[in-house]
Amino acid sequence: MGPSSSAQNNIMGTLGSNKIDQQDPSSHELRIVLVGSAGAGKSATGNSILGEKHFESRASARTVTLECQREVCVRAGRSLVVVDTPGFLNKKTYKGQVKECLKRCGPGGPPTIVLVLQTGRFTQEEREAVKTIKSLFGKKTQKHMVVVFTRKDDLGETSIKNFVKESEPTLRKLIAECGGRFCAVNNRATGEENTRQVEELMRMINEAEGAFKKNKIKDAMM
C-alpha cells in the first residue's frame, strides 16, 4: 500500500523548497534523479548526461557516492538539473536520501527518475529500492521513469532488446510499467558512440517527462 495523500503531498512539497539558478531562463528546466544500487554506474551515467565529469566515479570496494549531489548544465538549449544519489542501503535510510534529493531538484513537478542497473541479474537490493521509490511517489512513479543498463559492452553481440526479452519476469514487468523506456550505455564510450547513446537516453527522458504531463492532464479532467 502506498503512502497517504497527505504524506505524498509533504514529500512532493519539498520540491519547491529551494530556488536554483537557471543558466538559460528562457528554456524549461528538466530535472533528473539517478537512483540504483551502489556500483551500478549512476555517477558515470550522470557524467555522460552532463557531458563532463562532475560526479566522482571510480572502481571501489566501497560506495563512492555518500550523499546527494546536484549539478546543472545546458544541453540543446535546455537547462538540466541532474541529481546523483547514494546506493540503496536500507529502507529507512533511503527514504531520507530521496527526500534530500528532491530538495536539491528545485521547484516544479516530480523529476524524471533514471533507474540505473547493470547488465546482469535484477537483484533483491534493486527490487527493494524500486518498492521504496514507489512508496514515496505513489503507484504512478513509473510514468516518469527510465531504466538504463550500464556496462553495455558486456552484452557482446546480444542486443539490449534481446537481453531484456530473456530477463526474469520481474524485470520485464518493471520495464513494461515504465512504458518500455529502457536503453543501454557504455559510460567509457567516446566520440560518436557516446553522442548517440546520450541522445537516445535524453529522448527517453523527455518522453518520460511528456508521459507524466499527459497523465497529469488526463487525471485533472477525470
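Here the structure is a predicted model, which means the values were calculated and not measured.

Cut-offs used in this document
Residues numbered from 1 in each chain as written. Predicted model: local features only at pLDDT ≥ 70, side-chain atom pairs only at ≥ 80, totals over all residues. Heavy atoms only, no water. Buried < 20%, exposed > 50% of the residue type's maximum accessible area, 1.4 Å probe, protein only. Helix = DSSP H or I, 4+ residues; strand = E, 2+ residues; numbered from the N terminus. Pairing = 2+ DSSP bridges. Axes fitted to C-alpha atoms, helices over the stretch in contact; angles between N-to-C directions. Core = buried A, V, L, I, M, F, W, Y, C linked by side-chain atoms within 4.5 Å. Contact = heavy atoms within 4.5 Å.

Asks: Help me understand the pairing of strand E3 (residues 78–84) in this model?
Replies: Looking down a regular strand, the side chains alternate between one sheet face and the other. In terms of residue burial, E3 counts as a mostly covered element, since seven of its seven residues are buried. Judged by which residues are buried, E3 turns out to be covered on both faces: Arg78, Leu80, Val82 and Asp84 on one side and Ser79, Val81 and Val83 on the other are all buried. The pairing of strand E1 (residues 30–35) with E3 spans five bridges and is parallel. Opposite Arg31, over in E3, you have Val81 as the bridge partner. One ladder, built from seven bridges, connects strand E2 (residues 69–75) with E3; its direction is antiparallel. Residue pairing across strands places Arg75 opposite Arg78, the latter belonging to E3. Counting the residues that bridge the hairpin from E2 to E3 gives two residues, and of these Ala76 lies at a positive phi of roughly 55°.

Asks: Which parts of the structure should I look at to understand helix H2 (residues 42–50)?
Replies: Residues that lie three or four places apart on an α-helix share one face, since the helix turns once every 3.6 residues. H2 sits mainly inside the fold: nine of its nine residues count as buried. Regarding H2, the residues found buried are Lys42, Ser43, Ala44, Thr45, Gly46, Asn47, Ser48, Ile49 and Leu50. Immediately downstream of H2, the backbone of Gly51 shows phi near 85°, a positive value.

Asks: Sorry if this is basic, but what is going on with the sheet that holds E3 here?
Replies: Sheets are built from strands that pair by backbone hydrogen bonding, the pairs being arranged parallel or antiparallel. An order of E2-E3-E1-E4-E5-E6 is seen for the six strands of this open sheet, with the pairing classed as mixed. A strand with exactly one partner marks an edge of an open sheet, and here the two such strands are E2 and strand E6 (182–184). When the angles between neighbouring strand axes are averaged without regard to direction, this sheet yields 25°. Relative to strand E4 (residues 112–118), E1 is paired through four bridges, and the arrangement is parallel. Counted as the bridge partner of Val35 is Leu115 from E4.

Asks: Even after reading the chapter, I still don't get the pairing of strand E5 (residues 145–150), so can you show me in this structure?
Replies: For E5, a buried count of six out of six residues is recorded, marking the element as mostly surrounded by other parts of the structure. Alternating positions in E5 separate into two faces, Met145, Val147 and Phe149 on one and Val146, Val148 and Thr150 on the other, with burial throughout. In terms of strand pairing, E4 meets E5 through six bridges, oriented parallel. Pairing of Leu117 across the sheet is with Phe149, part of E5. Across three bridges, the pairing between E5 and E6 is parallel. In the strand pairing of E6, Phe149 is matched with Ala184.

Asks: Sorry, what's going on with the nonpolar core here?
Replies: Most often, soluble globular proteins keep nonpolar side chains buried together rather than apart. Among the nonpolar cores identified, the biggest contains 25 residues, and Leu115, Val147, Phe149 and Ile160 are the most heavily contacted of them. For Ile160, the residues in contact, after removing those within four places along its chain, are Phe149, Leu155, Phe182, Cys183 and Ala184.

Asks: Would you explain the side chain of Asn186 in this entry?
Replies: With respect to the helices and strands, the residue Asn186 is situated in the loop between E6 and helix H7 (191–221). For Asn186, a relative accessible area of 13% translates into the label buried. Apart from the residues within four sequence positions on either side, Asn186 is in contact with Lys152, Asp153, Glu193 and Gln197.

Read these as layout, nothing more, since geometry by itself doesn't imply function.
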